[in-house]
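# Geometric and topological summary
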Amino acid sequence: MQCFDSDRQKPERMQQLWDVVSKVREKCPWDKIQTHRSLGSCMIDETAEALAAAELYERLGDPENLCEELGDLLFLILLQSKIAEEEGIFTLEDVIDGIEKKMIRRHPHVFPDQENRGKNLSWEEIKRQEKSGKSDSFFQEQKKILFHVQKEMIHYLEKETEKHGSDDMD
């Protein structure tokens, strides 16, 4: 299945979904006031639900739930991209271009004719090279934020366990 036409435009289905996201952002009072930061708890919630859906699929073969939860994550990614577009900081196309280039760079064994040609670098080594231009203060701040996000995730999981009970947990 081809996702993009020769002009590298969003396919029709993706455009339709983008239009839905745009309309929801414009007309829904809740979505209209969201920011990158305010969507953080939703990202944690939906990521946890997608992980649980993947586990359920592996255990019970339930693809519908996995499909639904991946759709929820996709919606949040598109909503974050829409907010960024409104702020003038990047577009959905920038997100797509960025991840495409990153995956090619980080898979020299799959794309040997690309920029890491002939190098036998691990994913972590390539990632370290990509981040080499960042300042120490960036990494210190990132570490603090990641610690905070991990605490939020733990809090979310504790609340979910309380809400649903833990009697049947392994």
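Since the model is a prediction, treat every value here as computed from it, not as a measurement. (Residues numbered from 1 in each chain as written. Predicted model: local features only at pLDDT ≥ 70, side-chain atom pairs only at ≥ 80, totals over all residues. Heavy atoms only, no water.)

## What to know about the overall build of the protein chain
Helix and strand counts for the protein chain come out as 7 helices and 0 strands. Across the protein chain, helices and strands are ordered from the amino to the carboxyl terminus as α-α-α-α-α-α-α. Expressed as a percentage of contacts within the protein chain between residues at least 6 apart in sequence, the contacts between residues at least 24 apart total 53%. Summing over all exposed atoms, the protein chain offers an accessible surface of approximately 12,900 Å²; the carbon and sulfur share of this is 55%. (Helix = DSSP H or I, 4+ residues; strand = E, 2+ residues; numbered from the N terminus. Contact = heavy atoms within 4.5 Å. Areas by Shrake-Rupley, 256 points an atom, 1.4 Å probe, with all protein chains shown as cover.)

## A look at the pattern of salt bridges
One pass over the structure, following the stated rule, counts 5 salt bridges. Salt-bridge contacts for Glu 26 lead to Lys 27; the nearest nitrogen and oxygen are separated by 4.0 Å. Each member of the pair Glu 26 and Lys 27 is classed as exposed. (Salt bridge = Lys/Arg side-chain N within 4 Å of Asp/Glu carboxyl O. Buried < 20%, exposed > 50% of the residue type's maximum accessible area, 1.4 Å probe, protein only.)

## Some remarks on the packing of helix α1 (residues 12-27) against helix α4 (residues 63-87)
The geometry of α1 relative to α4 is characterised by a closest axis approach of 10 Å and an angle of 65° between their N-to-C directions. Here α1 lies roughly perpendicular to α4, going by the angle between them. Remark: the crossing between α1 and α4 carries right-handed chirality. Between α1 and α4, the contacting residues are Met 14, Leu 17, Trp 18, Val 21, Ser 22, Val 24 and Arg 25 on the first element and Leu 74, Phe 75, Leu 78, Leu 79, Ser 81, Lys 82, Ile 83, Glu 85 and Glu 86 on the second. Tallied by class, residues from the contact of α1 with α4 come to 10 nonpolar, 2 polar and 4 charged. (Axes fitted to C-alpha atoms, helices over the stretch in contact; angles between N-to-C directions. Parallel < 35°, antiparallel > 145°, perpendicular 65-115°, else oblique. Left-handed = near helix turned anticlockwise from the far one by under 90°. Nonpolar A, V, L, I, M, F, W, Y, C, P; charged D, E, K, R; others polar.)

## Focus on the nonpolar core
In a soluble, globular protein the nonpolar side chains are often hidden away together inside. Of all hydrophobic cores here, the largest spans 9 residues; its members are Trp 18, Val 21, Leu 39, Cys 42, Leu 76, Leu 78, Leu 79, Ile 83 and Leu 92. Elements that contribute at least two residues to this core include exactly α1 and α4. Considering each element in turn, this core owes the most residues, 4 residues, to α4. (Core = buried A, V, L, I, M, F, W, Y, C linked by side-chain atoms within 4.5 Å.)

## What to know about a nonpolar patch on the surface
Taken together, Ile 89, Phe 90 and Val 95 make up a surface patch of nonpolar side chains, about 240 Å² in accessible area. With respect to the helices, strands and loops of the structure, Val 95 is situated in helix α5 (residues 92-105). For Val 95, a relative accessible area of 31% corresponds to the partly exposed category. (Patch = residues over 30% accessible without salt bridge, like charges linked within 9 Å, V, L, I, M, F, W, Y side chains within 5 Å.)

## Here we look at helix α3 (residues 40-60)
The end-to-end C-alpha distance of α3, which contains 21 residues, comes to 29 Å, matching closely the 30 Å that a straight helix rising 1.5 Å per residue would cover. Among all positions of α3, only Cys 42, Ile 44, Glu 46, Ala 48, Ala 50 and Ala 53 are buried. The elements touched by buried residues of α3 are α2 (29-32), α4 and α7 (136-164). Just past α3, the residue Gly 61 takes up positive phi, approximately 70°. (Expected span 1.5 Å × (residues − 1).)

## Quick look at the confidence of the model for the protein chain
Summary statistics for the protein chain give a mean pLDDT of 84 and a share of 88% for residues scoring 70 or more. Within the protein chain, the element-level pLDDT minimum falls on helix α6 (residues 123-130), averaging 77, and the maximum on α2, averaging 97. (pLDDT = per-residue confidence, 0-100.)

## Structural notes on the side chain of Arg 106
Of note, Arg 106 is situated in the loop between α5 and α6. Excluding anything up to four places from it in sequence, Arg 106 contacts Trp 123, Ile 126, Lys 127 and Glu 130.

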